[in-house]
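Architecture at a glance
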Amino acid sequence: MEGLNSAQEQLETPSYTDNLIGTLLAIFGNLLVSISVSVQKQSHVALAGAKGARQCYDTGTWWCGLVLMLAGEGALFAAYAYAPLSVVAPLSAVSVITSSILGFLFLREKWKLKEFLKRYIFTFLGCILTMGGMFLFVMFGPNSHEPLNAENLVKHLIGWPFLLYLLLEIITFCLVLYFYKHRHAHYLALILLLVALLGSVTVITVKAVSAMLLLSVQGSLQFTYPIFYVMLVCMVATVVFQASFLTQASHLYDSSLIACANYVFSTVFAIGAGAIFYLEFNHEDVLHICMFLLGCALCFVGVFLITKNKKKTKAFEPYVTMDMVKAIPRIHHVGCAVQPDYNGSFSYGALVNNDSVTPVNIPVVKQENLYIVNCLILSHYN
């Protein structure tokens with residue numbers, strides 16, 4: 001009996017160690033990704049205010065941000081090989097918290113204590129709820145560590161739970177894509193639903209490729225199996241299409257709203273994919289599952305409060321900035337605010353885009369009439 005217990009402990013100890021390694025890698029990777037985005041954004045801002053045409057890749061700051069991003073994505077990729085998918089996916093909330101803190105530091109605004117608390121109370125509350133939620137779902141998350149070699153992946157791939165899930169996902173994706181493309185239903189929920197459906201396939205394939213690479217490094221080569229290349233192609237394809245849909249959403253909606261809704265949608269579908277494909281919750285009791293779901297719910301509320309406090313982009317106002325010094329109207333020089341070209345109902349400034357209207361010829365003013373008008377104006381001011 002004692003030998004059985006010791007053997008069971010030896011099996012359980014590495015699994016908790018792997019969970020810890022995967023969790024730390026995911027946290028570290030999300031931190032690096034957030035820092036890299038902030039560094040690259042700072043590089044773009046500096047170039048926008050500088051004189052002379054310089055590309056972003058000519059600066060060391062931009063390259064530093066790129067290196068940090070690659071390191072962060074590599075850490076996230078490795079995290080999927082150690083920890084369960086349902087634990088790694090929700091940890092992207094770390095990126096939201098880090099971006100919020102870095103954004104506050106880069107603002108460098110001076111606030112009175114009362115105004116500061118009033119402005120950032122929801123952000124602090126959101127950070128506390130998100131960190132509490134992450135602690136809960138990491139502590140009570142699934143602890144399944146099946147060796148993901150080619151044979152086991154094929155068994156999961158042809159299992160009826162995943163085949164049914166894949167069929168429902170394909171039908172849902174086609175219906176949503178039909179309404180989005182042909183019915184022009186450009187709602188944020190529909191776009192992010194497309195992203196989440198693709199993302200559920202992405203996290204499945206990322207974990208499979210990462211685990212097979214880890215087994216290959218440890219000595220059990222997996223490159224000779226076709227399933228490795230199938231997973232790799234699906235991973236690259238779904239990532240590309242996800243980026244395309246997210247780019248379209250960023251052109252239509254505010255970035256803070258996209259960040260909040262995308263985190264909720266992607267996390268829900270990623271957890272569902274891990275539960276169905278990798279059967280991560282099969283050996284978990286009800287208490288652990290409930291505490292895990294409570295942690296996820298706290299993260300959702302926390303991310304909502306953090307993104308809710310972001311400054312929203314001002315709506316377009318049709319005006320042209322004019323310099324009235326010496327009674328000469330002219331647009332500001334380079335380096336000052338310039339009115340952007342609006343692609344909606346306005347063409348430039350306050351002029352309505354009436355391209356379909358037939359132009360009207362402007363009457364020619366005769367020279368003697370112009371002279372009379374000028375004399376009347378001068379006599380009025382004198």
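Structure: above.
To keep things clear, this report deals only with the structure shown in the data block. (Residues numbered from 1 in each chain as written. Predicted model: local features only at pLDDT ≥ 70, side-chain atom pairs only at ≥ 80, totals over all residues. Heavy atoms only, no water.)

Observations regarding the overall build of the protein
A tally of helices and strands in the protein yields twelve helices and two strands. In sequence order, the protein lays out its α and β elements as α-α-α-α-α-α-α-α-α-α-α-β-β-α. Buried positions account for 35% of the 382 residues belonging to the protein. A fraction of 78% describes how many contacts in the protein between residues 6 or more apart in sequence connect residues 24 or more apart. Here the protein has roughly 24100 Å² of accessible surface; of this, 69% comes from carbon and sulfur atoms. (Helix = DSSP H or I, 4+ residues; strand = E, 2+ residues; numbered from the N terminus. Buried < 20%, exposed > 50% of the residue type's maximum accessible area, 1.4 Å probe, protein only. Contact = heavy atoms within 4.5 Å. Areas by Shrake-Rupley, 256 points an atom, 1.4 Å probe, with all protein chains shown as cover.)

Notes on unusual backbone geometry
In this structure, histidine 184 is a non-glycine residue whose phi angle is positive, near 55°. By secondary structure assignment, the location of histidine 184 is in the loop between α7 (160-181) and α8 (188-217). For leucine 279, which is not a glycine, the phi torsion comes out positive at approximately 55°. Tracing the backbone shows leucine 279 in the loop between α10 (255-277) and α11 (286-308).

What about the nonpolar core?
Counting 47 residues, the largest nonpolar core has Tyr80, Met134, Phe137, Leu153, Phe277 and Tyr278 as its most contacted members. If one sorts the elements of this core by residue count, α8 sits on top with seven residues. With residues near it in sequence (within four places) discarded, methionine 134 still touches Leu91, Ala93, Val94, Ile97 and Cys299. Counting residues in hydrophobic clusters, the runner-up holds 15 residues, among them Val176, Tyr180, Leu192 and Ala261. (Core = buried A, V, L, I, M, F, W, Y, C linked by side-chain atoms within 4.5 Å.)

A word on the side chain of threonine 130
Secondary-structure assignment places threonine 130 in helix α5 (residues 113-139). With near-sequence residues (within four places) excluded, threonine 130 lies in contact with Ala93, Ile97, Leu298, Cys299, Gly302, Val303 and Ile306.

As for the state of the cysteines
With the rule as written, the count across this model stands at zero disulfides. Cysteine 296 provides the cysteine sulfur closest to cysteine 299, a residue in no disulfide bond, and the two sulfurs are 6.5 Å apart. Judged by its relative accessible area of 0%, cysteine 299 is buried. (Disulfide = S-S within 2.5 Å.)

Considering α10
If you check α10, its first and last C-alpha atoms are 31 Å apart, about what 23 residues at 1.5 Å a residue would give, namely 33 Å. When we look at burial in α10, the residues that qualify are Ser256, Ile258, Cys260, Ala261, Asn262, Tyr263, Thr267, Ala270, Ile271, Ala273, Gly274 and Phe277. Once α10 ends, the next one or two residues include leucine 279, with phi positive near 55°. (Expected span 1.5 Å × (residues − 1).)

Things to note about the environment of histidine 288
Mapped onto the secondary structure, histidine 288 falls in helix α11. For the pair formed by histidine 288 and phenylalanine 137, sequence separation is 151 residues and the distance between their alpha carbons is 8.8 Å.

Topic: the packing of aromatic side chains
Tallied over the full model, the rule gives eleven aromatic pairs. Considering the side-chain rings of tyrosine 180 and phenylalanine 245, the 6.2 Å spacing of their centres and the 70° angle between planes classify their relative orientation as edge-to-face. Of this pair, tyrosine 180 sits in helix α7 while phenylalanine 245 sits in helix α9 (residues 226-252); the two residues are 65 residues apart in sequence, bridging distant segments of the chain. Taken together through their ring pairs, the aromatic side chains of Phe162, Tyr165, Phe277 and Tyr278 make up a single cluster. The cationic tip of lysine 207 hangs over the ring face of tyrosine 278; the distance from NZ or CZ to the ring centre is 5.9 Å. Looking at lysine 308, its charged tip hangs above the ring of phenylalanine 122, at a distance of 5.3 Å from the centre. (Phe/Tyr/Trp six-rings, centres within 6.5 Å; stacked < 30°, edge-to-face > 60°. Lys NZ or Arg CZ within 6 Å of the ring centre and 35° of its normal.)

None of the figures reported here should be taken as evidence of function without further support.
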